[in-house]
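Report on the structure
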Amino acid sequence: MQVVVVKFADPTFYDLWDTLDEIDKSCYNYCYACGWLLEENEKVVKVGAIVDEARHQGRSWVVIPAGCVREVSVIKEVDWNRPGE
(Lines give C-alpha, C1' and ligand atoms only; values in the text may rest on other atoms or scores of the structure.)
Protein backbone atom coordinates (compact mmCIF):
# COMPACT_ATOMS: atom_id res chain seq x y z
CA MET A 1 0.00 0.00 0.00
CA GLN A 2 1.02 3.59 -0.45
CA VAL A 3 1.03 6.55 1.91
CA VAL A 4 0.15 9.65 -0.13
CA VAL A 5 -0.52 13.37 -0.03
CA VAL A 6 -3.32 14.48 -2.36
CA LYS A 7 -3.67 18.13 -3.42
CA PHE A 8 -7.20 18.91 -4.56
CA ALA A 9 -9.51 21.80 -5.34
CA ASP A 10 -12.23 22.04 -2.72
CA PRO A 11 -15.42 23.90 -3.75
CA THR A 12 -16.01 26.97 -1.62
CA PHE A 13 -19.53 28.07 -0.73
CA TYR A 14 -20.52 31.67 -0.03
CA ASP A 15 -23.80 32.56 1.62
CA LEU A 16 -24.20 36.31 1.30
CA TRP A 17 -25.43 38.96 -1.06
CA ASP A 18 -22.66 40.67 -3.01
CA THR A 19 -22.07 42.47 -6.28
CA LEU A 20 -21.33 40.44 -9.40
CA ASP A 21 -17.90 42.10 -9.52
CA GLU A 22 -17.08 40.68 -6.07
CA ILE A 23 -18.54 37.29 -7.00
CA ASP A 24 -16.22 37.23 -10.05
CA LYS A 25 -13.24 37.52 -7.66
CA SER A 26 -14.26 34.46 -5.62
CA CYS A 27 -12.56 31.11 -6.13
CA TYR A 28 -12.12 27.64 -4.66
CA ASN A 29 -9.54 26.57 -2.06
CA TYR A 30 -6.75 24.05 -2.45
CA CYS A 31 -6.72 21.40 0.26
CA TYR A 32 -4.52 18.44 1.11
CA ALA A 33 -5.40 14.94 2.28
CA CYS A 34 -2.76 12.62 3.70
CA GLY A 35 -3.05 8.90 4.40
CA TRP A 36 -3.39 5.44 2.86
CA LEU A 37 -4.29 5.41 -0.84
CA LEU A 38 -7.39 3.19 -0.81
CA GLU A 39 -8.54 3.74 -4.40
CA GLU A 40 -7.56 5.80 -7.41
CA ASN A 41 -9.43 5.64 -10.71
CA GLU A 42 -11.00 7.89 -13.36
CA LYS A 43 -13.87 8.81 -10.99
CA VAL A 44 -12.41 9.17 -7.47
CA VAL A 45 -9.37 9.15 -5.23
CA LYS A 46 -9.97 7.69 -1.75
CA VAL A 47 -7.57 8.34 1.12
CA GLY A 48 -7.98 6.73 4.54
CA ALA A 49 -6.46 7.58 7.89
CA ILE A 50 -6.54 4.08 9.39
CA VAL A 51 -6.35 0.58 7.84
CA ASP A 52 -6.22 -2.69 9.76
CA GLU A 53 -3.24 -5.02 9.40
CA ALA A 54 -5.22 -7.49 7.30
CA ARG A 55 -6.33 -4.63 5.02
CA HIS A 56 -9.98 -5.63 5.37
CA GLN A 57 -11.21 -2.56 7.26
CA GLY A 58 -10.58 1.16 7.23
CA ARG A 59 -11.69 4.25 9.11
CA SER A 60 -11.85 8.02 8.56
CA TRP A 61 -11.55 8.35 4.79
CA VAL A 62 -12.23 11.05 2.22
CA VAL A 63 -13.60 10.52 -1.29
CA ILE A 64 -12.29 13.16 -3.71
CA PRO A 65 -13.78 13.52 -7.21
CA ALA A 66 -10.98 12.80 -9.71
CA GLY A 67 -11.67 16.06 -11.55
CA CYS A 68 -10.75 18.00 -8.39
CA VAL A 69 -7.41 16.22 -7.87
CA ARG A 70 -4.37 18.26 -8.88
CA GLU A 71 -1.59 16.00 -7.62
CA VAL A 72 -1.03 12.67 -5.85
CA SER A 73 2.41 12.42 -4.23
CA VAL A 74 3.55 9.03 -2.94
CA ILE A 75 5.31 9.48 0.40
CA LYS A 76 6.09 5.83 1.10
CA GLU A 77 5.47 2.33 -0.26
CA VAL A 78 4.62 -0.10 2.54
CA ASP A 79 5.09 -3.83 1.96
CA TRP A 80 3.04 -5.49 4.69
CA ASN A 81 4.02 -8.91 3.40
CA ARG A 82 7.59 -8.61 4.72
CA PRO A 83 8.28 -10.34 8.05
CA GLY A 84 8.31 -7.97 10.99
CA GLU A 85 6.31 -5.23 9.23
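Before any of the text, the structure's been laid out above.
Reference entry: report on the structure contained in this document.

Basis of the calculations
- Residues numbered from 1 in each chain as written.
- Predicted model: local features only at pLDDT ≥ 70, side-chain atom pairs only at ≥ 80, totals over all residues.
- Heavy atoms only, no water.
- Pairing = 2+ DSSP bridges.
- Helix = DSSP H or I, 4+ residues; strand = E, 2+ residues; numbered from the N terminus.
- Salt bridge = Lys/Arg side-chain N within 4 Å of Asp/Glu carboxyl O.
- Buried < 20%, exposed > 50% of the residue type's maximum accessible area, 1.4 Å probe, protein only.

Remarks on the pairing of strand S4 (residues 58-65)
Alignment of strand S3 (residues 44-51) against S4, held across seven bridges, turns out to be antiparallel. By the bridge assignment for S4, valine 45 is matched with isoleucine 64. Linking S3 back to S4 in an antiparallel pair, the connection comprises six residues, with arginine 55 at a positive phi of about 60 degrees.

What about the pairing of S3?
One face of the sheet, then the other: side chains in a regular strand alternate in exactly this way. Of the pairings in the sheet, the one linking strand S2 (residues 29-40) to S3 comprises four bridges and is antiparallel in character. Note on S3: the bridge partner recorded for glutamate 39 is lysine 46. Linking S2 to S3, which pair antiparallel, is a turn of three residues.

Focus on the pattern of salt bridges
Tallied over the entire structure, the rule returns two salt bridges. A salt bridge links lysine 25 to glutamate 22; the shortest N-O distance between them is 3.0 Å. With a gap of three residues between them, lysine 25 and glutamate 22 both fall in helix H1 (residues 20-25), about one helical turn apart. Of the residues examined, lysine 25 reaches a relative accessible area of 59% and is grouped as exposed. Between glutamate 39 and lysine 46 there is a salt bridge; the shortest N-O distance is 3.1 Å. What makes lysine 46 partly exposed here is its relative accessible area of 26%.

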